[in-house]
Amino acid sequence: MGNNQDEEDETKNNKLNKIKKSKELGISCMLNTEVGAVLAVIRRKTDFYPQYIHPPDETFDSSILHSLKTLRSLIFNPQQEWRRIDPSLYLSPFLDVIQSDDVPAAATGVALSSVLKIFRLQIFDEKTPGAKDAIGEAVTAVTGCRLEKTDPVSEDAVMMRILLVLSAIMRHRASCLLTDHGVCTLVNSCFQVVQQSASRGDLLQRGARFTMHELIQIIYSRLPDIEVRDWENSESDTEDSGLDSVYGIRSAVDIFHFLCSLLNVVEVFDVEGSSTAQTADEDVQLFALVLINSAIELSGDSIGKHPKLLRMVQDDLFHHLIHYGMCSTPLILSMICSTVLNIYHFLRSSVRLQLEAFFSFVLFRTANLASVQPQEVAVEEIGKLLCKHAFPAVDRLTSLQIQAFEGLVLILHNIADNVDKEDDSSPSGPYPVEISEYRPFWEEKTKENEDFKTWIDFVRVRKAQKRKIMIASNHFNCDLKKGLDYLKICDLVSNPPNPKAYAMFFHYTPGLDKTMIGDYLGDPDEFHIQVLKEFTDTFEFSGMILDTALRTYLETFRLPGESQKIQRILEAFSEKFYDQQSSEIFVSKDSVFILCYSLIMLNTDQHNPQVKKKMTEDEFIRNNRAINGGKDLPREYLSELFHSISTNAITLFGQTGAPMEMNPSRWIQLINRAKIMKPFVLCDYERRLGRDMFAAIAGPSVATLSAIFEQSDDEEMLHECIEALFSVSRIAQYGLEDTLDELLASFCKFTTLLNPYASAEETLYAFSNDMKPRMATLAVFTIANGFKDSIRGGWRIIIDCLLKLKKLKLLPQSVVEPEITSASSLDNQMSERSESGSIFPGQDIKKLGSKRHGASMMDRFSHFLSMESVEESLNLGVSEFEQNLKVIQQCRIGSIFSNSSTLPEDPLLNLGRSLIFAAAGKGQKFSTPVEEEETIGFCWDLLLAISVANIHRFTAFWPHYNDFLLGVAQFPLFSPIPFAEKGIIALMKICLKLLASYQLEKLPEELIFKSINLMWKLEKEILDTCCEFLTQSVSKILIEYPANLQTRLGWKSVLHLLSVTGRHQETYDQGVETLIMLMSDGIHISLTNYAYCIDCAFGFVALRNSPVDKNIKIMDHMADSVNLLVQWYKNGYSDPGSTMSNMSSSSIEDNNMKALNSSNMTMNLFLKLGESLRKTSLARREEIRNHAIGSLQRSFALAEELYFTPTNCINCFNLVIFSMVDDLHEKMLEYSRRGNADRETRSMEGTLKLSMELLAEVYLQFLKPISESPDFRTFWLGILRRMDTCMKADLGYYGESTLQEIVPGLLRKMITTMKENEILVQREGDDLWEITYIQIQWIAPSIKEELFPEEM
């Protein structure tokens, strides 16, 4: 086995050696062929120039031939592998040919081809000895090639080969050994070919540009791998050290500087006459921008690691881009924008101010937004720009409008995807941000030393400060004092004011009135002088000459006209400029001050048209002699100032709000600010920042989306609008509810459902025959489902659309179930999915707005409302009405209400308010009463649905709903029918749901019954029209849920409704049975509802033609209820399980008070019962009257255990018994005066007899407490008076009254008992005996002797 392995290895090695030798032989053959070709061309006689006759080789004394022949002799006898041989050995002969001035162009071309082949075959690499020198010599030879003996055609061919060789050198593995100088030379030579090719063939020009592009790509693709060196941190760009090292950042810097300089290449052309003019060479500019773009794309963010290269991008490149961007053609501007975009992607953290300047001076100016100031340009300006250009002005959208719209949609999607993240738990409030304390608005804070939350809060407050500052600027321009006071009110300046705050406000706030600023700064007040100093300190004059600095300073305000103010301002400027001068020209600030005055005078002289004789340069210099500490300033310096002022005037009286231009002084100022400006900090996308960014463009965005949707008929554009609509909704749910309302209001008008002038037929036709209304309808209700938590006022318009669909009969019958027969059935109705598909409580609509759900929703939306879907429906024979129903089914309208349990309080209140107002007819027009009734009933059904869904927080929203119900009653032309009729039915259903379970709080019950009472008070007729439903509901409450009725208002309302509905024959039986059941067991009768039960019972008994047996039962229960009063009275002072022995004195006192209150309460209730029975005793039917008196008699008998004080007893007689006797007596006499009323008279007489007997019995029952009353004498006279009245009753035609038969007996019984109890006795000073004796003589003389024998 070992021998076989060795043999295989040996065979393999032999094979590799054979291949290697074959490759080496191939290289030798190639070199031999190339040498032969060069020699052949050198010896060949040229065809184009026959006068050049080449001498024979022996007479051609040239080192070129010798080196070629020497190379040929060594080709097939190499001492080692070609890869290990010094490349100069086989490159030098060819390079000599290339560099020679004597050889023809054809030979040069062949030599270049040979070199190209050597480099492409990679014969050597960076590790080959002598590779560095060899590749350097190749660069020197190729870039130094001069064509002396040639023709145009050959020269083009040679230059093409030069380009190929240059590209091959840079692509070679040993190119990393090139020096910076060599690379720069190589690139420069390539550009020379580019320039020369401009006047030659198109092929050569294209090849040269392609090679130049290729070289730039190779050079800058290495930049990410180049290490940063110490010399790069120097501000100087002229270091010469290290030129012999391999190429790196130095060549990259030099080449980039060269590319930037190409942007300044001008083209000179003749104009009229002999003069010439210059203009930028757009062809070269475009070529340079392409190369710069490539360099930036390949370098990426590694440019930021090399300070010198970064400074070049920040200063040179951006200066050229802004300058030419303001005045270039669309093609150049497009390339400039592409370059800036690449810089933004890779270096945006380092070019903050430059990007702002580019937007302000180039993009926004191009878009005619001249008012934009270069102050931290934000997303809102870009958004507003896109909205402006996307907004359709004509019916047909242009390509520019479509592109702008797509850009706007992209911004909206991007913000929505980052704001509405499913896994983002960061807070979304507050919005808007309030400035609660003073914080210097000019100070920045980096994220490096702050936690993320603090930094976000700082950024948001800073943005709020900027908004306040812009408001303050408007106030300032109207009134300086008001503007500065507003800064104090908004905590933008400290208290007392800080001069630096005012200085920053004056300098950096755009649009301020420059005249006011100048007057303020020139004021002699001490505080104003401090502000002036701080204002001047905000400028950076280093690197500027005097006139540039003065221009920069004076363009921020208007120099006042008063000389003393001018002097103060220029003194402050002179001191600042002197401290920051970059050279030592001025010896003191006074020199600067004098020269400033001189420059202002020169400016006036040169540019005032009224000055005829202008100052010359010599005069200017002569006027400024010996101003620099007794010495002259350099003449060159003064000359430069003179020409600068003469050429370009200093704007001393600039107009407020005039557009700013990017001039050299402003650019220097920007660069100086950029040096101290902290870079952007890249951080994770924060929800609140995204929301705040969108808030700035919310209004224009919504308006643009609405306008595009209205104008466009393209299906794709409409779907893009809907997608953007959902993105806006996703953002708006985080504190921008007004925006969502505005969005709904805008898109609801496209549903065609809200056109007040269109008939139902026209609306239905438009809805059925146009895809746009259906898209808008589906979008609106999809938002209502997915983002209902954020809708506020938009509910009103959604409800209007819903009611219109109802009128058009496009809603399924079961959007909500109006009938509620039981609490359990109500729950089922509100949770079941209807057959029509209109209720989907199981659907997870809540997260509809998230990114994932939004995508799937949009796919469904697009498929459902696409032209293919419509055509498919038509092919299947689906009618228009069925298509409409399918659209409405997809709206999931029922889910809006049945899933409203998660709604926050504000949207819930707005939804209820919209339904209540719509039910009251606000904003509605009804064609028929039936339509009105159906619409109002539908509104109440929806209100019922959301109330039941939110029953767990009833107390949170229903007080507001009740206020809304009170408010609708104040509407002009409000009609309570059918509003109240439908309302009381819905409210009773809600009441049933509430009472179906025990409520710990009483407030929900009070709230719902307050609304129920409001309904029947609006229109009492509804108690008759809805009696059957009300009776069923009340019976259900009293039979199934009486224990859950806890409030006085609840019992009062329920029993009142029960008594009222009992008046109807069809509901009497159910009502009376319910009352009898309630009173029979007495379990649920309490002090709270006793009086209402008595009233209800009296209401049933007082009904005409009601069954006597039912009435008798009711009255019996009324009498038996006295037992409850006795029980409550006893419980009022005797608690179960407690005895008097273990009570403290305080508890005894409390129980005494409790007993007193209980006594008063029970006596009041007993009086209520007595009065009800008294009233019943006046009924037309004798059975009822007599039984009422019997019940009253029984009541008094049962009430004996109650605490009857003398006062209570007398009150009972006065209010109940005396009144009953008087009323019955009056009734009897009334009947006696009628004709044919004998039966009625005798019947009433019989009842009166019973009442008199009751009077005597009750009197004797409570004789003792009555006799203790101080008013007993008067009370006794009242009894005797009534006895007298009955004895003398005259029945007229109907004969004698039988009352005389019972009165003497009653008197005998009462007086005898009084005597036995020693109440009626002869006492000195007491005339009761005498009065009674006298009265008996008048009333019943027949018993006088029996009762008063003493008197006889």
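So, here's what we can say about the structure. Computed from a predicted model, the values in this text were never measured in an experiment.

All right, on to the overall build of the protein chain then. Each helix and strand in the protein chain was counted, giving 58 helices and 2 strands. When burial is assessed residue by residue, the protein chain has 51% of its 1352 residues classed as buried. A separation threshold of at least 6 residues defines the contact pool for the protein chain, and within that pool the share at least 24 residues apart is 75%. Summed over all atoms, the accessible surface of the protein chain reaches about 63100 Å², with 51% contributed by carbon and sulfur.

Another aspect to go through is helix α10 (residues 282–299). Look at α10: 25 Å from first C-alpha to last across 18 residues, which is about the 26 Å you get at 1.5 Å a residue. Within the span of α10, buried status applies to Val284, Gln285, Phe287, Ala288, Leu289, Leu291, Ile292, Asn293, Ser294, Ala295, Ile296 and Ser299. Looking one or two places after α10, you find Gly300, whose phi comes out positive at around 65°.

We now examine the environment of Arg311. You can see Arg311 is positioned in helix α11 (residues 307–325). Residue classification places Arg311 among the partly exposed positions, given a relative accessible area of 22%. Sequence-wise, Arg311 and Val351 are 40 residues apart; in three dimensions their C-alpha atoms are separated by 9.7 Å.

Running from N to C, helix α9 (residues 249–262) and α11 point in directions that differ by 5°, and their axes come no closer than 10 Å. Taken together, the axis directions place α9 and α11 in an arrangement best described as roughly parallel. The residues of α11 that touch α9, namely those facing Ile249, Ala252, Val253, Phe256, His257 and Cys260, are Lys308, Leu309, Met312, Val313, Asp316, Leu317 and His320. Its residues assigned to classes, the contact of α9 with α11 comprises 9 nonpolar, 2 polar and 2 charged.

Right, let's get into the packing of aromatic side chains. The tally for this structure, following the rule as stated, stands at 47 aromatic pairs. For the pair Phe747 and Phe750, a centre-to-centre distance of 5.6 Å together with 85° between the ring planes defines the contact as edge-to-face. In this structure Phe747 comes out as buried when scored by relative accessible area, which is 1%. Phe750 gets classed as buried once you look at its relative accessible area, which sits at 8%. Grouping aromatic residues by their ring pairs yields a cluster made of Phe535, Phe539, Phe541, Tyr553, Phe557, Phe573, Phe577, Phe586 and Tyr637. One cation-aromatic arrangement involves Arg209 over Phe287; the distance from NZ or CZ to the ring centre is 4.8 Å. The ring of Tyr247 has Arg222 lying over it, and the distance from NZ or CZ to the ring centre is 4.4 Å.

Once that is clear, we can look at unusual backbone geometry. Residue Asn495 is joined to Pro496 through a cis peptide bond whose omega torsion reads 5°. Its location among the elements puts Pro496 in the loop between α17 (480–489) and α18 (499–508). The amide bond that connects Ile977 to the next residue, Pro978, takes the cis arrangement and shows omega of 10°. Within the secondary structure, Pro978 is located in helix α41 (residues 976–995). Its identity is not glycine, yet Thr752 carries a phi of approximately 65°, on the positive side. Among the secondary structure elements, Thr752 is positioned in the loop between α29 (737–748) and α30 (760–769). At Glu1318, a position not held by glycine, the phi torsion is positive, near 55°. Within the secondary structure layout, Glu1318 lies in the loop between α56 (1303–1316) and α57 (1328–1339).

If you walk through the whole model with that rule in mind, you get 35 salt bridges. In this structure, Asp537 and Lys576 form a salt bridge, with 3.8 Å as the shortest nitrogen-oxygen distance. Taken as a pair, Asp537 in helix α20 (residues 526–537) and Lys576 in helix α22 (residues 563–580) lie far apart in primary sequence, 39 residues in all. Of the residues examined, Asp537 reaches a relative accessible area of 35% and is grouped as partly exposed. Each member of the salt-bridge network shares a partner with another, and the members are Asp417, Asp420 and Arg730.

Another aspect to go through is the packing of α11 against helix α13 (residues 352–366). Viewed as axis vectors pointing N to C, α11 and α13 meet at an angle of 10°, and their least axial separation amounts to 9 Å. Here α11 lies roughly parallel to α13, going by the angle between them. Contact residues: Gln314, Phe318, Leu321, Ile322 and Gly325 in α11; Gln354, Leu355, Ala357, Phe358, Phe361 and Val362 in α13. Of the residues that constitute the contact of α11 with α13, the class distribution is 8 nonpolar, 3 polar and no charged.

Below, the discussion takes up the environment of Leu203. Locating Leu203 in the fold gives a position in helix α8 (residues 202–221). Residue classification places Leu203 among the exposed positions, given a relative accessible area of 65%. Separated by 47 residues in sequence, Leu203 and Asp156 have C-alpha atoms that sit 9.5 Å apart.

When the terminal C-alpha atoms of helix α39 (residues 929–949) are compared, their 30 Å separation across 21 residues agrees well with the 30 Å that a helix rising 1.5 Å per residue should span. The buried fraction of α39 is high, at 16 of 21 residues.

Reading the values: rules and limits
- Residues numbered from 1 in each chain as written.
- Predicted model: local features only at pLDDT ≥ 70, side-chain atom pairs only at ≥ 80, totals over all residues.
- Heavy atoms only, no water.
- Helix = DSSP H or I, 4+ residues; strand = E, 2+ residues; numbered from the N terminus.
- Buried < 20%, exposed > 50% of the residue type's maximum accessible area, 1.4 Å probe, protein only.
- Contact = heavy atoms within 4.5 Å.
- Areas by Shrake-Rupley, 256 points an atom, 1.4 Å probe, with all protein chains shown as cover.
- Expected span 1.5 Å × (residues − 1).
- Axes fitted to C-alpha atoms, helices over the stretch in contact; angles between N-to-C directions.
- Parallel < 35°, antiparallel > 145°, perpendicular 65-115°, else oblique.
- Nonpolar A, V, L, I, M, F, W, Y, C, P; charged D, E, K, R; others polar.
- Phe/Tyr/Trp six-rings, centres within 6.5 Å; stacked < 30°, edge-to-face > 60°.
- Lys NZ or Arg CZ within 6 Å of the ring centre and 35° of its normal.
- Salt bridge = Lys/Arg side-chain N within 4 Å of Asp/Glu carboxyl O.

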